[in-house]
Amino acid sequence: MEIKLKVKQQHRYTQQRQLLYDGKAEFYRDGNHVRISYKEDDSGSIVLLDADEKMLELERIGTDIHTKLTFMNKERSKGSIVSEYGTIELAVHTYKYIKKENVIALEYDILADDEVTDGYRIIWSLQEGL
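One structure accompanies this document, and this report is about it.

What counts and how
- Residues numbered from 1 in each chain as written.
- Predicted model: local features only at pLDDT ≥ 70, side-chain atom pairs only at ≥ 80, totals over all residues.
- Heavy atoms only, no water.
- Buried < 20%, exposed > 50% of the residue type's maximum accessible area, 1.4 Å probe, protein only.
- Helix = DSSP H or I, 4+ residues; strand = E, 2+ residues; numbered from the N terminus.
- Pairing = 2+ DSSP bridges.
- Patch = residues over 30% accessible without salt bridge, like charges linked within 9 Å, V, L, I, M, F, W, Y side chains within 5 Å.
- Areas by Shrake-Rupley, 256 points an atom, 1.4 Å probe, with all protein chains shown as cover.
- Salt bridge = Lys/Arg side-chain N within 4 Å of Asp/Glu carboxyl O.
- Polar contact = N/O pair within 3.5 Å; in protein donor to acceptor, adjacent residues only side chain to side chain.
- Contact = heavy atoms within 4.5 Å.

### Description of the pairing of strand E9 (residues 103-112)
Here comes step 1: In terms of burial, E9 is a largely internal element, eight of the ten residues being buried.
Here comes step 2: Both strand E8 (residues 86-99) and E9 contribute to a ladder of eight bridges, which runs antiparallel. By the bridge assignment, Ala91 is partnered in E9 with Leu111.
Here comes step 3: In sequence, E8 turns back onto E9 through a hairpin of three residues.
Here comes step 4: Pairing of E9 with strand E10 (residues 115-128) involves ten bridges; the strand directions are antiparallel.

Have a look at this one:
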């Protein structure tokens, strides 16, 4: 089914805000599990989101970069970035992960060699019935 989706991002350290996406998305629900997919307007990248009560898997497939990240509330998990230069393995520390009926919220840091390289808050707002 198609839904309306708005994705907002805020950098945890600079507080810079960005609207990442505002448009239609494919949505699938099976019990507590949801799957959302959409194509970013500016980059043309495909974003796939798989979420349940315990974890969120985020995959972003671009022409040059393929990113896969896993988030679990208050835990450290792994991710990878694949490009023409090879694969970079990284760690993700999730501070908050909340999944509700029409909102998914995430706050996390990206770590390389146990050093914080970036941190973000992302909110996916879902609206069924276009």
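### Looking at a nonpolar patch on the surface
Here comes step 1: On the surface, Tyr13, Tyr95 and Val116 cluster together into a nonpolar patch covering about 280 Å² of accessible area.
Here comes step 2: Inspection of the secondary structure assignment puts Tyr13 in the loop between strand E1 (2-11) and strand E2 (17-30).
Here comes step 3: When its relative accessible area of 47% is taken as the criterion, Tyr13 is described as partly exposed.

### Some points on the pattern of salt bridges
Here comes step 1: Applying the stated criterion across every chain yields a total of ten salt bridges.
Here comes step 2: Arg29 is the salt-bridge partner of Glu101, the closest N and O atoms lying 3.2 Å from each other. A residue pair is termed long-range when its members are at least 10 positions apart, and Glu101 in the loop between E8 and E9 and Arg29 in strand E2 qualify at 72 residues.
Here comes step 3: With relative accessibility at 52%, the residue Glu101 sits in the exposed group.
Here comes step 4: For Arg29, a relative accessible area of 32% gives the class partly exposed.
Here comes step 5: For Asp114, the salt bridge is made with Arg76, and the minimal N-O distance between the two is 2.7 Å.

### Concerning the side chain of Ser77
Here comes step 1: Here Ser77 is to be found in strand E7 (residues 76-83).
Here comes step 2: Relative accessible area serves as the criterion here: at 8%, Ser77 is assigned to the buried category.
Here comes step 3: There is a polar contact of 2.3 Å between the side chain of Ser77 and the backbone oxygen of Thr70.
Here comes step 4: The contacts of Ser77, once residues within four sequence positions are left out, are Thr70, Phe71, Met72, Leu90, Ala91 and Val92.

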